[in-house]
Every structure is written in C-alpha cells, then in structure tokens.
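Okay, here's what each chain looks like letter by letter:
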Amino acid sequence: MRRIATALALIPIAVLGCRSPQTVLQTLQRCDPCFVDSVPNVCAPKANSTESASIEQYVQLGLSSNPRIQEARHKIAAIRQRAPQVLSLPDPMVNTNTWLAPVQTAAGEQAFSLGVSQKFTNAEKRATQVAIVSDEVAAAEAALLQAQLEIAESIRTACYQLLLVRKSVEITNQDRETLGQIGDVVLRQYEVKKSVSQQDVLNVQTEQSLVENQITELRQKEKSLQARLARLLNADPVSSLQIEDSLECHAATLDPDELIAAATRDRPDLQSQLALIRRDRKKIHLAKLEEKPDFTVGLNWIATAAAGNSPVANGDDALLLGVGFNLPINGSRIRAGICESQANWLAATNRLDSLQDLASEEIVDLVVRLESTGDTLNLIQQDIIPKAERTLDISIDEFATSSNSYGQLIENWRRVLRYRITEANLQSQYLQLLASLARSAGQLAPIQSQTTGNSGPRGIPDHEPDDSKAAGEAPDKTAAESEFR
C-alpha cells in the first residue's frame, strides 16, 4: 500500500516536470498578476504647457520630471534590494528517494527516505558582499547626482539658446525698420534727384526679402529649441515655453584653484569612482575568503517496515544526521580570483587619477574661455557697436545729401546687424559656459558671476536672439567633458 501511495504522489511531479515552458508561462500569466503587461502607456499625449517661468524654475521642474532622473532613482532602489539577497542563506534543500526495489534489511524493509539539508555560507563572506552592495549604492547615488548636473546644464543651455534666437529675431526686426528707412531714402533719391538707379531700389527690396527669410529661419529654429527644452522638462514638444530671464551677464572673477578644489570635493563622477575603489578593495577580501570552507548540515529519515528478517526486528525508522563541507584545495583558482580583484582595484585607482586630471583640465579650459568671451563681449559692447551705429547714422545722412554711395550705406547697415547679433551670441555663450562650469565643478546651483561695475558686459533683455548659425549652437565641449559624460 505504501508503494502505491508513493507512486501516486510522484505522478503530479513527473507531469509538471514534463510540461513545456510555454505551458508553464501561460499558466503563470493566468494565475499571477505580476505577469500581466503593466507597462505604462508611453504613447499617451502629454499636457501642452504655455507657462512662463525663470530658468532656475525650469531647472527644478526638469529635475523633478525628467525620465532620466527617475531611471537613476529606480536603479538605486534596485541595487538596494541586493543586500537582503546576499545576506540570506541559500534555500534549504529537500530530497526524497523511493526504492523501486525495496532494500531488505534485518530490521525491516526500506522503500522510502526523506532528507533536508541547509548550506551555511561563511558569515564574513555574506557581510563583505553586503558591504560591496553598499558601495555600489553609493556609486549609483553619485551617478544620480551626475545625471542631475547634466540635466540642469542642458536645461540652462537650451534656455540660453532659446533666448538667443528670440533676441536675434528682435534685433533683426529692429534692423529691418532701419532698412525700411534706408529704402525710403533710396526711393526718394531715385524719384526726385535721380541720383541712384532703379537697380539700387531693387537691391534694397532684395535685402528686405533676405531679412524676412532670415526671420523665418530663426522662427523655425525657435520651435526646434522649444521642443528640446520641452523634452528636458518631459512636456509636450509643441509647448510654448516663455522664459522670464534675459541674456544678462556680468564679468566674473573666477579662481581656477578654488574651482578645482570644489570639483575634487563635490564632483559626483569622482565620488562614484571612489565608491567603486572601495568596492574593489572589498572584492579582494572576498576573494581571499574563498580559502574558508562552507558547511552543509543535513537530516535524513528512512521509513522502515515492521517485518524484518531478524527475530528482533522492531520496524523503527532510521534517522541520520550529516555534516559536510567543501575543501578549498584548488589554490590556483583562488589565487587567480585574488589577482583579478587586485588588478581591478588598481585599474579603478588609475581611473580616479585620470578623472581628476580631466576635471582640472576642463575647469581651466572653461575659465580661460569665459575670460576670453568676456573680454570680446566687453570690446564689442563698449567700442565696436557704438562706432558702427554712429557710422551708419552718418552714412544715412550723407547718402541723403548724395555725398555717400549706396554700396557703403548697405555695408554699414549689414555691419551693425552683424555686430548686434554677435553681441547676443557672445552673451549666450558666456552664460552657457557658466552653466558648463557649474556642472564641471559639481555644483547644482548656478555659479553667480561677480559684477565688476560698469566694465562688465551689458545685459540684453529677453525677446528674440541670433542668426540661424549661432542660435542653435552651444559652446564647444572639451574632450574632458565628453569623457565625463
């Protein structure tokens, strides 16, 4: 009877083991809600935003809603879940044996056995693995801060580029009015004094058409930059985002040594690398712990029938206690694991030195570019533009009295337009460089430039910026910056 019961108990196990993976998956999907497709609808439309905010408000909005930030947070949560996994013991093992031909013993017939075993891994190994997970969490948290710094820089850069485009549209519109005045003067000269030809009148009209085309291109670039900013804010790409700030900057006195010290202390990529170095040192210790054995304790029960060959057979079941452990005798494997961990630790240490050198190079380069851009901006604001505007006014007056040529008049007008757009472009580049410097120094808050009286670059209010080439381009990124990213 016992044999029949045992055979019946084994039938469901055998059937389950023979089922195909597809059948098992379908069963789980019907029974377990975790297998139901619960991926959010990524194609759901996003709300169209027409809000107006400052650049730093947009930065805070992006840090709270950007999917990349959320991804980094979920990765940290996932790594934290490794700690209870490595700290716990392996699952106990249960094994059964059914003798198809029962073993005949003097004490009685043996046809079935049941055993339970538990492996006890070295406690120091598990503690070291938990410490390794802790360092990986610290590295992931530093990666989150790095992502926040890069998102903040990208949002500020997109805002400054958008301000540049809008300022360029404003400047072009203002110069279009000046070109209209020039056209009126040329038309009067042609109709009254006949001092210019009809070709000159047509040339002015052509210039006006070119200005209209330039404004159209700037408007298209404005929409592209708005879509970029909306992506960073996780908003609808067609949102009309208004910026309350302006292209206003002042000359700043920046100390590279202080910025390098701040970067060494605060840069998240350096902090992440330090955490990885600590992790690799613990991995060396973990590799050395392979020399210590793990133990397995087991308990086995064997069912014994009452009838036996011995006249004193009592039919008592057998109970066995077993203890086992592995023998770490493969020294070459253990030594290879230790050497591998040591090599990884040395590589991580050298990587830290490389990152520190690249950080110093990047900061020095950004400071030099800021100083150069500030000097150029100050020169164009204080000297070049005032002289060019004065020259244009004189050219218009002289042309009205027929003492100046049409070609020189148009060239002076083009020069003023070019210099004013260059001024806006330099201001945008200066602010973008400050945003890159804040990220390079590991600062989430913007670097506040120090005002140096009236000698600094003059501010340009918000509206519409630059020519189509300058409008969409951020300052050049150094090789060091691309390495950090």
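Bear in mind that the values here come from a model prediction, so they are computed numbers and not experimental data.

1. Details of the overall build of the protein
1) Next: Across its full length, the protein holds 13 helices and six strands.
2) Next: Taken over 485 residues, the protein has a buried fraction of 39%.
3) Next: The contacts of the protein with a sequence gap of at least 6 include a subset with a gap of at least 24, amounting to 84%.
4) Next: Per element, the accessible surface of the protein, about 26300 Å² overall, is 55% carbon and sulfur.

2. So, the side chain of Asp 280
1) Next: Structurally, Asp 280 can be placed in helix H9 (residues 268–288).
2) Next: Overall, the relative accessible area of 5% leaves Asp 280 in the buried class.
3) Next: Every residue in contact with Asp 280, bar those within four places of it in the chain, is listed here: Ser 341, Asn 344, Trp 345 and Ala 348.

3. Topic: helix H3 (residues 55–65)
1) Next: Residues Ile 55, Tyr 58, Val 59, Gly 62 and Leu 63 constitute the buried set of H3. Buried residues of H3, seen end-on, are gathered within an arc of 140 degrees and therefore sit on one face of the element.

4. A few points about the confidence of the model for the protein
1) Next: Taken as a whole, the protein shows an average pLDDT of 80; of its residues, 77% reach a score of 70 or greater.
2) Next: The low-confidence segment residues 450–485, where pLDDT is below 50, has 125 contacts with residues more than four positions distant or belonging to other chains.

5. Things to note about the pattern of salt bridges
1) Next: This structure, assessed with the given rule, holds 24 salt bridges.
2) Next: Its salt-bridge partner being Glu 222, residue Arg 219 comes within 3.3 Å of it at the nearest N-O pair. One end of the pair is Arg 219 and the other is Glu 222, both in helix H7 (residues 198–232) and three residues apart, which spans about a single turn.
3) Next: For Arg 219, a relative accessible area of 33% corresponds to the partly exposed category.
4) Next: On the accessibility criterion, Glu 222 (11% relative accessible area) is buried.
5) Next: Between Arg 279 and Asp 280 there is a salt bridge; the shortest N-O distance is 3.2 Å.
6) Next: For Arg 279, a relative accessible area of 18% gives the class buried.
7) Next: It is possible to trace a salt-bridge network through shared partners that takes in Glu 153, Arg 267, Asp 269, Glu 362 and Arg 439.

6. Remarks on the sheet that holds strand E5 (residues 295–304)
1) Next: An order of E2-E3-E5-E6 is seen for the four strands of this open sheet, with the pairing classed as antiparallel. On the outer flanks of this sheet lie strand E2 (93–104) and strand E6 (318–325), each paired with one strand and no other. On average, each strand axis in the sheet is inclined to that of its neighbour by 20 degrees, with strand direction left out of account.
2) Next: Note that E5 and E6 share eight bridges and pair antiparallel. Opposite Ile 302, over in E6, you have Ala 318 as the bridge partner.

7. Let's talk about the pairing of E5
1) Next: As paired strands, strand E3 (residues 109–120) and E5 are joined by 10 bridges and run antiparallel to one another. When the bridges of E5 are listed, Ser 117 appears paired with Gly 298.

8. Some words on a negative patch on the surface
1) Next: On the surface, a cluster of negative charge is made up of Glu 389, Asp 393, Asp 397 and Glu 398.
2) Next: By the element assignment, Glu 389 lies in helix H10 (residues 331–400).
3) Next: For Glu 389, a relative accessible area of 34% translates into the label partly exposed.

9. A look at the environment of Met 93
1) Next: As for its placement among the helices and strands, Met 93 is situated in strand E2.
2) Next: Note on Met 93: relative accessible area 52%, which makes it exposed.
3) Next: Contact partners of Met 93, with chain neighbours within four places excluded, come to Gly 115, Val 116 and Ser 117.

10. Some points on the packing of H9 against H10
Pairs of packed helices are described in terms of their axes, by the angle between the two and the distance that separates them.
1) Next: Contact geometry of H9 with H10 gives a least axis separation of 8 Å together with a crossing angle of 165 degrees. The pairing of H9 with H10 is recorded here as roughly antiparallel in orientation. In the crossing of H9 with H10, the sense of the turn from one axis to the other is left-handed.
2) Next: Here the residues of the contact of H9 with H10 are counted per class, giving 11 nonpolar, seven polar and six charged.

11. Regarding H10
1) Next: Along its 70 residues, H10 runs 98 Å from first to last C-alpha, staying within 8% of the 104 Å computed at 1.5 Å per residue.
2) Next: For H10, the principal kink sits at Ile 380 and spans about 40 degrees.

12. What to know about the side chain of Glu 170
1) Next: Relative to the assigned elements, Glu 170 resides in helix H6 (residues 123–193).
2) Next: Classification of Glu 170 as buried rests on a relative accessible area of 15%.
3) Next: Reaching out from Glu 170, the side chain makes a polar contact with the side chain of Lys 167 at a distance of 2.9 Å.

13. Focus: the packing of H3 against helix H4 (residues 67–80)
1) Next: Put simply, H3 and H4 touch, their axes get as near as 5 Å, and they point 45 degrees apart. Taken together, the axes of H3 and H4 are oblique relative to one another. Judged by residue contacts, Gly 62, Leu 63, Ser 64 and Ser 65 of H3 engage Pro 67, Ile 69, Gln 70 and Arg 73 from H4.
2) Next: A class-by-class count of the residues in the contact of H3 with H4 yields three nonpolar, four polar and one charged.

The rules behind each value
Residues numbered from 1 in each chain as written. Predicted model: local features only at pLDDT ≥ 70, side-chain atom pairs only at ≥ 80, totals over all residues. Heavy atoms only, no water. Helix = DSSP H or I, 4+ residues; strand = E, 2+ residues; numbered from the N terminus. Buried < 20%, exposed > 50% of the residue type's maximum accessible area, 1.4 Å probe, protein only. Contact = heavy atoms within 4.5 Å. Areas by Shrake-Rupley, 256 points an atom, 1.4 Å probe, with all protein chains shown as cover. Arc of directions from axis to C-beta. pLDDT = per-residue confidence, 0-100. Salt bridge = Lys/Arg side-chain N within 4 Å of Asp/Glu carboxyl O. Pairing = 2+ DSSP bridges. Axes fitted to C-alpha atoms, helices over the stretch in contact; angles between N-to-C directions. Patch = residues over 30% accessible without salt bridge, like charges linked within 9 Å, V, L, I, M, F, W, Y side chains within 5 Å. Lys, Arg positive; Asp, Glu negative; His and termini not counted. Charge placed at Lys NZ, Arg CZ, Asp CG, Glu CD. Parallel < 35°, antiparallel > 145°, perpendicular 65-115°, else oblique. Left-handed = near helix turned anticlockwise from the far one by under 90°. Nonpolar A, V, L, I, M, F, W, Y, C, P; charged D, E, K, R; others polar. Expected span 1.5 Å × (residues − 1). Bend = angle between axes of the 7 residues up to and from the residue. Polar contact = N/O pair within 3.5 Å; in protein donor to acceptor, adjacent residues only side chain to side chain.

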